[in-house]
Amino acid sequence: MKHLNPLFFATARQNEHKKTLNPLILIKGISVLLVFIGFAARAENLPKPLFKLTQGQGTEVCEAYLQRLNATEFLNNDPTQGRVSEPLLKGFADLKPVPLTAEEIQRVQYKTLSFERFQDQYLFEKFSKKWDEAWGRQSSLFGHGLIEFPSNTLEAINKDIVANQKTPFVRYQVQLDMDNDGIAGDVVIKNNRGVYIVDYLLQHIDEERMKRIFADQDALDWPTMYQFPSLAFPITVFGYNNKYYFDGFFNNLDFQQRGSLGIAHYLQRPYLLGVFIHERQQTHRICEYEWVNTAQIIYRK
Amino acid sequence: MVDSIFKKIGFLLFMVVIGSNSAAALSADLPIITLSVGLPPYPLPITEVPIADQCGFSYIIKIFENGRVDYQGFHKIKVPGKREYQMDKATLKALIKKFQDAHFMEADERVWLPDIVRSHYLTTYSAIRFRQGSQEATVFDNFPFPNLKSDIIRATKAGRWGVNEPSLCINKGVKYKN
């Protein structure tokens, strides 16, 4: 009774579909594949990034940072992936970065991810605990595709440390004054995703300070905006002539524009990098740079 | 005489400046109830980002302790831009009572699996935040308080800004209503 088996009908329908496959669809599929292969190939062979100062000409820190940017070695020549080395030019402070140990990363990793994603460093851990209570440890969160956080075991972290040797997760030994109020008390750690102000024992993120200094204040008001609305990405901090700044990429597209224009639009859009300063309880973007020698923007999830 | 008046004015201005920068003043500026739908026009960095619902509204309604209502519409909404409204005390009091009666502040305990954590996608549609003193709680997509969103819209008379109307969507050049 093979003809009564629903699987048989399904297979028959598939075969029928194969026979009537529109060659246009095939051509479109191949074209898309070739375009993506092209982008992937170009992404691997990016030229050394070159920046141009587009706003802040004549401002000492903007001019000095331009020189530093153009002398910085970026991972894979992609400034969004991390910095392998930054020259210590005249006027810039040596923040004395030291790599975190695996134990320190384990302590803080989920907090950084949870904070970035939910503005709440404890949410993921609370959620994991409740999940375990309700479903048992055997029933993994990850297996259900509910949330995609990397493994936090020492083994996995040690593997990451080896893989990210060129751009390690670091702590600055110098305490910074990120709000420029004259008191240098900020303990700052940094990975490829950005910087975090933490307590001295690396047990907690100072959420209030992170929001005040690095966040888009209007976006913070929106309860629907549950990710941390960072003003730039990935954030890097630096000190210049006794003041502290941060920088990172930003663009002028809002959510709606990005969504409607799709990937193709921002593959062609130049990256814009800003330098920001937090002073007198306000954050301002004081310098803007354009990454001029990239023909495309690499779409990274 | 004139000198003392100047001193008093100076002191007053000083207090205003200090007051406006103090933490207490900042917390007083925060809305007690916020309803947001969709996402703000936030210049995005290149990172994991939610893609806005292409057919959805984007607006925010903030209600302050003194009854002031701030509305701002951004995306596919009948009335874009800022609008203000002064809610009367009785309506505000009744609205706050609804939040208290619903035990909104305990939402975190009851909704221990917020939709945003369970969701594979980084998007949500609407959210309500309620502040009382130093406490605050946020719930997403009306769960578990299905009526509070419409209570806020009714109390603020936000219907006139088009928040109750279906939003216009554009898909492949064809307009349709969702």
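Residues numbered from 1 in each chain as written. Chains lettered and ligands numbered in written order. Predicted model: local features only at pLDDT ≥ 70, side-chain atom pairs only at ≥ 80, totals over all residues. Heavy atoms only, no water.

- As annotated in an unreviewed UniProt entry, chain B carries the name DUF6438 domain-containing protein and comes from Methylovulum psychrotolerans.

**Brief notes about unusual backbone geometry**
Negative phi is the rule for most residues except glycine; trans is the rule for most peptide bonds.
All names here are of chain A.
Step number 1: Residue P234 is reached from F233 by a cis peptide bond, and omega for that bond is -15°.
Step number 2: Its location among the elements puts P234 in strand β8 (residues 233–240).
Step number 3: At K96, a residue that is not glycine, the phi angle is positive and equals roughly 55°.
Step number 4: Relative to the helices and strands, K96 resides in the loop between β3 (83–85) and β4 (97–99).
Step number 5: Since its relative accessible area comes to 42%, K96 is described here as partly exposed.
Step number 6: Residue Q281 is not a glycine yet carries a positive backbone phi of 65°.
Step number 7: Mapped onto the elements, Q281 comes out in the loop between β10 (272–279) and β11 (282–291).
Step number 8: Residue classification places Q281 among the partly exposed positions, given a relative accessible area of 44%. (Helix = DSSP H or I, 4+ residues; strand = E, 2+ residues; numbered from the N terminus. Buried < 20%, exposed > 50% of the residue type's maximum accessible area, 1.4 Å probe, protein only.)

**Digging into the state of the cysteines**
All names here are of chain A.
Step number 1: Applying the stated rule across the entire model yields one disulfide over all chains.
Step number 2: Across the disulfide, C62 is cross-linked to C287 (sulfur-sulfur distance 2.0 Å). Across the disulfide from C62 to C287, rotation about the S-S bond amounts to roughly -75°, and the bridge is consequently left-handed. Taken together, the positions of C62 in helix α3 (residues 60–71) and C287 in strand β11 put the pair 225 residues apart, joining distant regions of the chain. Grouping residues by exposure puts C62 and C287 together as buried. (Disulfide = S-S within 2.5 Å.)

**Re the sheet that holds β11(A)**
For sheets, the rule is that strands pair by backbone hydrogen bonds, running either parallel or antiparallel.
All names here are of chain A.
Step number 1: An order of β1-β11-β10-β9-β8 is seen for the five strands of this open sheet, with the pairing classed as antiparallel. Two strands in the sheet have a free side with no partner beyond their single neighbour: β1 (51–55) and β8. On average, adjacent strands in this sheet sit at an angle of 30° to one another, irrespective of strand direction.
Step number 2: Here β10 pairs with β11 via eight bridges, running antiparallel. Residue pairing in the sheet places V275 in a bridge with C287 of β11. (Pairing = 2+ DSSP bridges. Axes fitted to C-alpha atoms, helices over the stretch in contact; angles between N-to-C directions.)

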